[in-house]
Amino acid sequence: VPSVRSTRRIPADAGIQRRKRPLPRGAHALIDETANRLRAFANPALDAELLFRGITGLSRAALITKGDEPVPETVKLRFEAAVVRRERGEPVQYILGVAAFWRDEFIVTPDVLIPRPETEILVESMATRLRTAPSPQILDLGTGSGCIGLSLLRELDAARVVAIDASEAALRVASRNAERVGLTQRIRLVRSNWYEGLEADESFDAIVSNPPYVAREDSASLPKDVRDFEPEGALFADEGDDLSSYRTILRRIDARLRPGAWVGLEVGLGQARRVVELVAAEGLGSVEVIDDLAGIPRVVLARRA
Ligand SMILES: C[S@@+](CC[C@H](N)C(=O)[O-])C[C@H]1O[C@@H](n2cnc3c(N)ncnc32)[C@H](O)[C@@H]1O
């Protein structure tokens, strides 16, 4: 604060000049402004930060320490382009082309569902159960990005996975992810309508799936960014009601399970009890339901005797 006794003469236009020069905007300020622009979405501050960090490659810690440094113009332009896409509703993960899941970052394109944190419960519960199996053979039905099967391989050194999807485009993404995490040797990708593409006598120590579980008539109940951007084939159950994919998967499951093999199915809100009934009707035992962090029953586990 200048002393009131200061005799230093201040040029008459000094204030005007100072006002004309824009203050250097650091990342913090940019992210705050962006969060305000994205306030119509559920997590505006997180979206803004993830977009900024995705574009700059800055870690959280680096952002905290460098957050007041001026942001280069080129970065601002790329960030602005990303923010405009988010404003139109596109999910952050599609904008950045990657999604964090379990131990890795997975490539995602609009051909695959964005891996969800809830799905990690399926990975965790199945990895725990297979931990002592000598070399488990796992079937991942509806693999999408490959996130479930590849994450199980990360946990289980001697395991092998057959990953099935009806979508050729999704399998291309899963293949890129297998390369990215260095697991191509232990995963076989098969384009198939559920079990149809398997060898007649192929059976497994575990079958995992997060199948499409929304009935087409309920599409209006989906959040707009999910409905507008995620692939239909990943969202909507084959035909009929919301459980039709589970019925198809469970109807033929016995022939594909080795004695003592596990089944792990992710389920949607309000589906667990009905999926438990389907599982029990197939003669599977040791049925368990595991809740997600929000207390929603999320994974149905069962075992062949
Ligand atoms: C809900 S997404 C799950 C993707 C991934 N496993 C995950 O958890 O993020 C369901 C996947 O099942 C695939 N799918 C749908 N119908 C199928 C069918 N009849 N046979 C095989 N895969 C199918 C979709 O293409 C999609 O990739």
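Before any of the text, the structure's been laid out above.
Keep in mind that what you see is a predicted model, and the values were worked out from it rather than measured.

Enquirer: In this structure, what is going on with the packing of helix 2 (residues 27-37) against helix 3 (residues 44-56)? I would like to understand it.
Expert: To characterise two packed helices, one gives the angle between the axes of the helices and the distance between these axes. One can describe the packing of helix 2 onto helix 3 by two numbers: an axis separation of 8 Å at closest approach and a directional angle of 135°. Taken as axis vectors, helix 2 and helix 3 run oblique relative to one another. For the pair helix 2 and helix 3, the crossing hand works out as right-handed. Facing helix 2, whose interface residues are A27, L30, I31, T34 and A35, helix 3 presents P44, A45, A48, E49 and F52.

Enquirer: Explanation requested: unusual backbone geometry in the structure shown.
Expert: A negative phi holds for most residues other than glycine; trans holds for most peptide bonds. In this model, W102 sits at a positive phi of 50°, which is unusual for a non-glycine residue. Relative to the helices and strands, W102 is located in the loop between strand 1 (98-101) and strand 2 (104-107). At S286, a residue that is not glycine, the phi angle is positive and equals roughly 45°. Mapped onto the elements, S286 comes out in strand 8 (residues 285-291). The exposure class assigned to S286 is partly exposed, which follows from its relative accessible area of 49%.

Enquirer: Any chance you could explain the pairing of strand 7 (residues 257-266) here in plain terms?
Expert: The side chains of a regular strand alternate between both faces of the sheet. Most of strand 7 is tucked away, with seven of its 10 residues classed as buried. Across five bridges, strand 6 (residues 204-209) lies against strand 7 in parallel orientation. Note that in strand 7 the partner of S209 across the bridge is L265.

Enquirer: Teacher, can you tell me more about the site of the ligand here?
Expert: The environment of the ligand is formed by 20 residues, the closest being G142, D165, N193, W194 and N210. Between the ligand and the protein, one listed contact pairs a nitrogen atom with a backbone N or O atom of T143 at 3.3 Å. The separation between a nitrogen atom of the ligand and a polar side-chain atom of N193 is 2.8 Å. In isolation the ligand has 590 Å² of accessible area, and contact with the protein removes 94% of it. Listed by contribution, the elements that provide at least two residues to the shell around the ligand are helix 8 (147-155) and helix 11 (232-235). When grouped by side-chain class, the residues that make up the shell around the ligand number nine nonpolar, nine polar and two charged.

Conventions adopted
- Residues numbered from 1 in each chain as written.
- Predicted model: local features only at pLDDT ≥ 70, side-chain atom pairs only at ≥ 80, totals over all residues.
- Heavy atoms only, no water.
- Axes fitted to C-alpha atoms, helices over the stretch in contact; angles between N-to-C directions.
- Helix = DSSP H or I, 4+ residues; strand = E, 2+ residues; numbered from the N terminus.
- Parallel < 35°, antiparallel > 145°, perpendicular 65-115°, else oblique.
- Left-handed = near helix turned anticlockwise from the far one by under 90°.
- Contact = heavy atoms within 4.5 Å.
- Buried < 20%, exposed > 50% of the residue type's maximum accessible area, 1.4 Å probe, protein only.
- Pairing = 2+ DSSP bridges.
- Near = heavy atom within 4 Å.
- Polar contact = N/O pair within 3.5 Å; in protein donor to acceptor, adjacent residues only side chain to side chain.
- Areas by Shrake-Rupley, 256 points an atom, 1.4 Å probe, with all protein chains shown as cover.
- Nonpolar A, V, L, I, M, F, W, Y, C, P; charged D, E, K, R; others polar.

Interpretation note: all reported values are geometric properties and have no functional meaning in isolation.
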